[in-house]
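# A closer look at the structure
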Amino acid sequence: MFKGVKPIIYGGHEVWPLVEGGKGVAATNHASAGAWAAAGGIGTVSAVNADSYDPEGKIIPQVYSALTRRDRHEELIRYAIDGAVEQVRRAAEIAGGKGAININVLWEMGGAQRILHGVLERTRGMVSGVTCGAGMPYKLSEIAASYEVSYLPIISSARAFRALWKRAYSKASNWLAAVVYEDPWLAGGHNGLSNAEDPRKPEDPYPRVKALRETMREGGISDDVPIVMAGGVWFLRDWSNWIDNPELGSIAFQFGTRPLLTRESPIPQGWKDKLTHIEEGEVLLHRFSPTGFYSSAVRNPFLRMLEARSERQIPYSTEVAGDHQFQLDVGVRGKNFWVTKGDLMRARAWFGAGFTDALKTPDNTLVFVTGAEKATIRKDQSDCMGCLSHCAFSSWMDSDTNSTGRLADPRSFCIQKTLQDIAHGGDTDQNLMFAGHGAYNFKKDPFYSNGFVPTVKQLVDRILTGD
């Protein structure tokens, strides 16, 4: 046992201060979460469009047959509730009363509040807590408390927590089980990097977490309420100065990337194989997500394609103005596109290379794509089922009008489509592959040598040694 690591009381159980990170669409399910809880930790079922099963145990494909976005959105909510309920029930069975089971939701996912109500209503007594990030989930405390379930907000700064506490959480303080600090430079998936922070200049998490604890103390929150360090956690020995540290109070640790490579992990074998070959620096912090948030994923051909697409971009004016004196004669229909001479030359070169179609962006620019890319973009936009509360790619918004009022952005992509595909065996080169920035450790950590893939129990036991 690593020095200083001791059990905490959570959900009425004595558990290890080790939390399984809840990973998006079908990347964390009943098998991994149940096994993590059975090993004595806090397992996390992803309640983001989770899988349901038919009577033979096969995954039910989430097919959308409705003609309108609004009706497809209703289909999505039904799939999401049914799937999450099924996953929680199966996870609880595997856990066998050991550890604890949380669910993870994204506040900015489409229908988040309805889904949360639907899942908690049907899983009473099985869910210990709700972890929630991707936005400012003010109503999280109210919803969780109404079902007598704990809540664990995911934040990336003391400032964000202060706003949540003052506006809402102080009114349901008894149900605050922990605060998850997710390092915006190191965590996989979406994160809370603000406009005031530089994505190219990572900050030391210690002073940020120390500031978070001070903010919690100002609110009268006990030091026994853990801060969960998430993002960049691999070896507990790297965090020895955080454990039993009076400046920080109680600390727990969340593991998101390491549990991907376990026998119980539901991700396909191709994804697992890719993880063992990731080099340091190969995970990219980018802003292509239709959520508008920064996120981190493996810089595979899919992500490189998005990078290249955005590089084939020029600003335009609808009338002659300033340096925009040259009429664009490729990629567009009509004559009201005026660009600089340099951009005209670039556009002609892209056209000659096969990027024959120019698509407008909400920022008065044009991106050049192939005819096939244009067809895919347009189909994906028209197939939108409202998986986000607001989507830059399709201009969907979970509102009366179902529109953001902005032009759909072709520089982004359909996140539901690509995450569903990769989670269910799709091409790992042609889909978004989330991972934390420490994923290169799979290749370096001797625990995984000779192709060894541990069970969740073996991984938890290993983590508890400090390694």
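Residues numbered from 1 in each chain as written. Predicted model: local features only at pLDDT ≥ 70, side-chain atom pairs only at ≥ 80, totals over all residues. Heavy atoms only, no water.

### Some words on the side chain of Q381
- Structurally, Q381 is set in helix α10 (residues 371-382).
- In this structure Q381 comes out as buried when scored by relative accessible area, which is 7%.
- In contact with Q381, not counting residues within four places along its chain, are R69, F393, S394, A408, D409 and P410. (Helix = DSSP H or I, 4+ residues; strand = E, 2+ residues; numbered from the N terminus. Buried < 20%, exposed > 50% of the residue type's maximum accessible area, 1.4 Å probe, protein only. Contact = heavy atoms within 4.5 Å.)

### Remarks on the sheet that holds strand β12 (residues 283-286)
- As summarised here, the arrangement of the 3 strands in space is β9-β13-β12, forming an open sheet in which the pairing is antiparallel. What marks the edges here is a single partner per strand, and that holds for β9 (189-190) and β12.
- Summarising the sheet, β12 and strand β13 (residues 295-298) pair through 4 bridges and their orientation is antiparallel. Bridged to L285 within β13 is S296. (Pairing = 2+ DSSP bridges.)

### Describing the pattern of salt bridges
- Using the criterion set out here, one finds 31 salt bridges in the structure.
- As a salt-bridge pair, E203 and R208 come within 2.8 Å of each other at their nearest N and O atoms.
- By relative accessible area, R208 is classed as buried at 11%.
- Shared partners join several salt bridges into a network, and the residues in it are R70, E74, R114 and D398. (Salt bridge = Lys/Arg side-chain N within 4 Å of Asp/Glu carboxyl O.)

### What about unusual backbone geometry?
- Even without glycine at this site, A26 takes up a positive phi of about 65 degrees.
- With respect to the element layout, A26 can be found in the loop between β3 (18-20) and α1 (30-38).
- The buried category is assigned to A26, whose relative accessible area is 7%.
- The phi angle at N450 is positive, at roughly 60 degrees, despite the residue not being glycine.
- Along the polypeptide, N450 turns up in the loop between α12 (441-444) and α13 (456-464).
- For N450, a relative accessible area of 82% translates into the label exposed.

### Quick look at the environment of A439
- As for its placement among the helices and strands, A439 is situated in the loop between α11 (415-423) and α12.
- In this structure A439 comes out as buried when scored by relative accessible area, which is 0%.
- A439 sits 24 residues away from I463 along the chain, and the two C-alpha atoms are 16 Å apart.
- When near neighbours in sequence (up to four residues on either side) are disregarded, A439 contacts W234, T257, L275 and I278.

### Overview of the packing of helix α2 (residues 69-95) against helix α3 (residues 112-122)
- With their axes 9 Å apart at the nearest point, α2 and α3 run at an angle of 35 degrees to one another. Of the two elements, α2 crosses α3, and the hand of that crossing is right-handed. Every residue of α3 that contacts α2 at E74, I77, A80, I81, D82, A84, V85 and R89 is listed here: R114, I115, G118, V119 and R122.
- Partitioned by chemical class, the residues of the contact of α2 with α3 number 7 nonpolar, 1 polar and 5 charged. (Axes fitted to C-alpha atoms, helices over the stretch in contact; angles between N-to-C directions. Left-handed = near helix turned anticlockwise from the far one by under 90°. Nonpolar A, V, L, I, M, F, W, Y, C, P; charged D, E, K, R; others polar.)

### A closer look at α2
- Given a rise of 1.5 Å per residue, 27 residues ought to cover 39 Å, and the 38 Å separating the end C-alpha atoms of α2 matches this to within 8%.
- Just past α2, the residue G96 takes up positive phi, approximately 60 degrees. (Expected span 1.5 Å × (residues − 1).)

### Quick notes on the pairing of strand β10 (residues 227-230)
- Every second residue of β10 is oriented toward a common face, with I227 and M229 on one face and V228 and A230 on the other, all of them buried.
- Pairing of strand β8 (residues 179-182) with β10, which is carried by 4 bridges, proceeds in the parallel orientation. Bridging across to β10, V180 finds its partner in V228.
- Two strands pair when backbone bridges link them, and β10 and strand β11 (residues 251-255) are joined in this way by 4 bridges, in the parallel orientation. Looking across to β11, one finds that V228 is bridged to A252.

### Examining helix α5 (residues 158-167)
- Taken as a whole, α5 has its buried residues at A158, A160, F161, L164 and W165. Along the axis of α5, the buried positions cluster into a sector of 160 degrees, meaning they face one direction only. The outward face of α5, more than 90 degrees from its buried face, is lined by the exposed residues R159, K166 and R167.
- Where α5 is buried, its residues touch β7 (150-155), β8 and α6 (205-218). (Arc of directions from axis to C-beta.)

### Digging into the packing of aromatic side chains
- Throughout the structure, instances matching the rule amount to 15 aromatic pairs.
- For the ring pair W239 and W242, a centre distance of 4.9 Å and an interplane angle of 80 degrees mean the geometry is edge-to-face. With respect to class, W239 is no different from W242; both count as buried.
- Counting every residue linked through ring pairs, the aromatic cluster contains W234, F442, F447, Y448 and F452.
- R90 extends its terminal NZ or CZ atom over the ring of Y53, reaching a point 4.0 Å from the ring centre.
- Between R237 and the ring centre of F235, over which it is positioned, the NZ or CZ distance is 4.0 Å. (Phe/Tyr/Trp six-rings, centres within 6.5 Å; stacked < 30°, edge-to-face > 60°. Lys NZ or Arg CZ within 6 Å of the ring centre and 35° of its normal.)

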